[in-house]
Amino acid sequence: MPQASTARWSNWAGNQSARPSRVVAPASTAELSKEILRAAEEGRTVKAVGSGHSFTAIASAGDGVLVRPTALTAVRELDRAAGTVTVESGLPLSTLNRLLASAGLSLTNMGDIEVQTVAGATSTGTHGTGRDSGSLAAQIRELEIVLADGTVRTCSPTEDPELFQGARLGLGALGVVSALTFGVEPAFLLTAHEQPMRFDGVLDRFEELASVNEHFEFFWFPHTELCSTKRNNRSQGPARPLPPARAWLEDDFLSNTVWEGACRIGRAFPATVPAIAQLAARAWSERTFTDLAYKVFTSPRRVRFLEMEYAVPREAATTVLRELKALVERSNWRIGFPVEVRLAPADDLWLSTASGRDTVYIAVHLYRGTPEQGYFTEVERLMTAHQGRPHWGKLHTRDAGYLASVYPRFGEFTALRDRVDPGRLFANPYLRRVLGE
């Protein structure tokens, strides 16, 4: 197995880094088990890392052993009758989406990027937006995980159900996931309708827009009254994708190349940010297209930024958003990135940000290198005043004391952790903060 004793790891955003004592890339579950046992014998911690798309240090191995699942990418089984696909933990979502599409199948819902590994995405609670369908972790039907003692356990709703409840969204705290079984369905088309709207108009119609559309989200541009709304609904077809030239111009060149340049100008000259925000908001024109689900759900994202996202109870969402807008307006901040708002139904995962309650996600961003100047701090203060739950992979300062107060099943998860990893082989400073010692 490839190893490097001096390899430096950093995440996608560049705000987290570590220099592990050893990097390993096991090619099988058996090899993964051996590496975990070896680390335990050496008294070293173990962390698995996917594509590094978390902004927190959740995947940081420190000076322990870093597991890269780059050789764990097999598709083990595609069961059409059961409506499931079993894949290894290091398979990128982009590859999974295309494999499923070639077989006439699809995941039910997904986030707006697809570069993450399947285990990394599910373990941190990656989600899209949906009236009826939840996060990627909520679509898991079975899971294989290697525990601290090297044992390989398979769990499901009927086999070791308690481990299944915790490990579907386990933060890497229970073991190293080696394979996942997702529920899938026949491939389907989505019709996307993207439309500019004013901020007050969106909030006045929020419940209507969230209820009548299968997938609704919007972006508000700070320093403006403007929003870009997105409504994705299933379609009988025919497919009418955007012409390739227009798709490249709007979703790649303008949204990445031009936007990167605008962000750099705003970072260097903060006084220009409000004018840039006005131009950016007006550049999002109305459009409608129909395509395969994964092509509508996901987009290329190459502009690097830092992000904080909180999940608030759905009934509090419009109040929180109005308070957020007022907070920006009375500050001297210059916020160059739009605020993203998405939805999810309540689910039963112990550490899901939508656990037990219908949820609205509110995400704030800063272009890399932009001074924070209290923006994230004040946004977090606002979110926690409304019982907000931070996304596990995005910046926040909450600890186990706060998190136990907003997650009704938090104690069950930590009790499970005590049983399967009493020696904290899979711990790191982030997990010690959010889960306790």
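Report on the accompanying structure. (Residues numbered from 1 in each chain as written. Predicted model: local features only at pLDDT ≥ 70, side-chain atom pairs only at ≥ 80, totals over all residues. Heavy atoms only, no water.)

## Re the overall build of the protein
Each helix and strand counted, the protein has 14 helices and 20 strands in total. Taken over the C-alpha trace, the protein has a radius of gyration of 21 Å; the compact-globule value for 437 residues is 22 Å, and the two agree within 12%. When the 437 residues of the protein are sorted by exposure, 57% land in the buried category. (Helix = DSSP H or I, 4+ residues; strand = E, 2+ residues; numbered from the N terminus. Rg over C-alpha atoms; globule rule 2.2 N^0.38 Å. Buried < 20%, exposed > 50% of the residue type's maximum accessible area, 1.4 Å probe, protein only.)

## Concerning the sheet that holds strand 9 (residues 140–146)
The five strands are arranged 6-7-11-9-10 in an open sheet whose pairing can be described as antiparallel. Single-partner strands in this sheet number two, and they are strand 6 (75–79) and strand 10 (152–155). The average angle at which neighbouring strand axes cross in this sheet is 10 degrees, direction not considered. As defined by bridge partners, strand 9 adjoins strand 11 (residues 176–183) across six bridges and the pair is classed as antiparallel. Bridge pairing in strand 11 links Leu-143 to Leu-180. (Pairing = 2+ DSSP bridges. Axes fitted to C-alpha atoms, helices over the stretch in contact; angles between N-to-C directions.)

## Overview of the side chain of Thr-359
Structurally, Thr-359 can be placed in strand 19 (residues 359–367). In this structure Thr-359 comes out as buried when scored by relative accessible area, which is 0%. In terms of polar contacts, Thr-359 uses its side chain to reach the backbone carbonyl oxygen of Arg-357, at 2.9 Å. For Thr-359, the residues in contact, after removing those within four places along its chain, are Ala-311, Val-312, Arg-314, Arg-342, Leu-343, Ala-344, Thr-353 and Ala-354. (Polar contact = N/O pair within 3.5 Å; in protein donor to acceptor, adjacent residues only side chain to side chain. Contact = heavy atoms within 4.5 Å.)

## Overview of the packing of helix 7 (residues 244–268) against helix 8 (residues 273–283)
Helix-helix packing: each pair is described by the crossing angle between the helix axes and the interaxial distance. With their axes 9 Å apart at the nearest point, helix 7 and helix 8 run at an angle of 160 degrees to one another. Taken together, the axis directions place helix 7 and helix 8 in an arrangement best described as roughly antiparallel. Note on packing geometry: the crossing formed by helix 7 with helix 8 is left-handed. In this structure, helix 7 contributes Trp-259, Ala-262, Ile-265 and Gly-266 to the contact, and helix 8 contributes Val-273, Ile-276 and Ala-280. Here the residues of the contact of helix 7 with helix 8 are counted per class, giving six nonpolar, one polar and no charged. (Parallel < 35°, antiparallel > 145°, perpendicular 65-115°, else oblique. Left-handed = near helix turned anticlockwise from the far one by under 90°. Nonpolar A, V, L, I, M, F, W, Y, C, P; charged D, E, K, R; others polar.)

## Here's the deal with the packing of aromatic side chains
Per the counting criterion, the structure on display carries 15 aromatic pairs. Measuring from ring centre to ring centre gives 6.5 Å for Phe-206 and Phe-218, while their planes differ by 75 degrees; the resulting arrangement is edge-to-face. Placement of the pair is Phe-206 in helix 6 (residues 206–212) and Phe-218 in strand 14 (residues 215–220), with a sequence separation of twelve residues. For Phe-206, a relative accessible area of 1% translates into the label buried. For Phe-218, a relative accessible area of 0% gives the class buried. Here the aromatic rings of Trp-259 and Phe-337 are separated by 5.5 Å at their centres, their planes lie at 75 degrees, and the arrangement is edge-to-face. (Phe/Tyr/Trp six-rings, centres within 6.5 Å; stacked < 30°, edge-to-face > 60°.)

## Looking at the packing of helix 10 (residues 317–329) against helix 11 (residues 375–384)
Close contact between helix 10 and helix 11 brings their axes to 11 Å; oriented N to C, the two are set at 150 degrees. Our classification of the angle between helix 10 and helix 11 gives roughly antiparallel. Where helix 10 crosses over helix 11, the two elements pack in a sense that is right-handed. Listed contacts from helix 11 to Val-320, Glu-323, Leu-324, Leu-327 and Val-328 of helix 10 are Tyr-375, Glu-378, Val-379, Leu-382 and Met-383. By residue class, the composition of the contact of helix 10 with helix 11 is eight nonpolar, no polar and two charged.

## Section: the side chain of Glu-380
The topology assignment puts Glu-380 in helix 11. A distance of 2.6 Å separates a polar atom in the side chain of Glu-380 from a polar atom in the side chain of Tyr-310. Excluding anything up to four places from it in sequence, Glu-380 contacts Met-308, Tyr-310, His-396, Thr-397 and Arg-398.

## Details of the nonpolar core
Generally speaking, soluble globular proteins have nonpolar side chains that are buried together. By size, the foremost hydrophobic cluster in this structure holds 58 residues, and its most contacted members are Leu-96, Phe-182, Leu-351, Trp-392 and Leu-435. Those residues in contact with Leu-351, other than ones at most four positions away along the chain, are Leu-169, Leu-171, Trp-392, Tyr-407, Phe-410, Phe-413 and Leu-435. (Core = buried A, V, L, I, M, F, W, Y, C linked by side-chain atoms within 4.5 Å.)

## Examining the environment of Ser-33
With respect to the secondary-structure elements, Ser-33 resides in helix 1 (residues 29–42). Of the residues examined, Ser-33 reaches a relative accessible area of 11% and is grouped as buried. Linking Ser-33 and Ala-148, residues 115 residues apart in sequence, is a C-alpha distance of 8.7 Å. Those residues in contact with Ser-33 that lie beyond four places of it in its chain are Val-146 and Gly-150.

## Notes on helix 2 (residues 93–102)
All buried positions along helix 2 are accounted for by Leu-93, Leu-96, Asn-97 and Leu-100. All buried residues of helix 2 project into a common sector of 100 degrees when viewed along the axis, lining one side. If you follow the buried residues of helix 2, they end up packed against strand 6, strand 7 (84–88), strand 8 (105–106), helix 3 (118–123), strand 11 and helix 9 (293–297). A positive phi of about 75 degrees marks Gly-104, the residue just after helix 2. (Arc of directions from axis to C-beta.)

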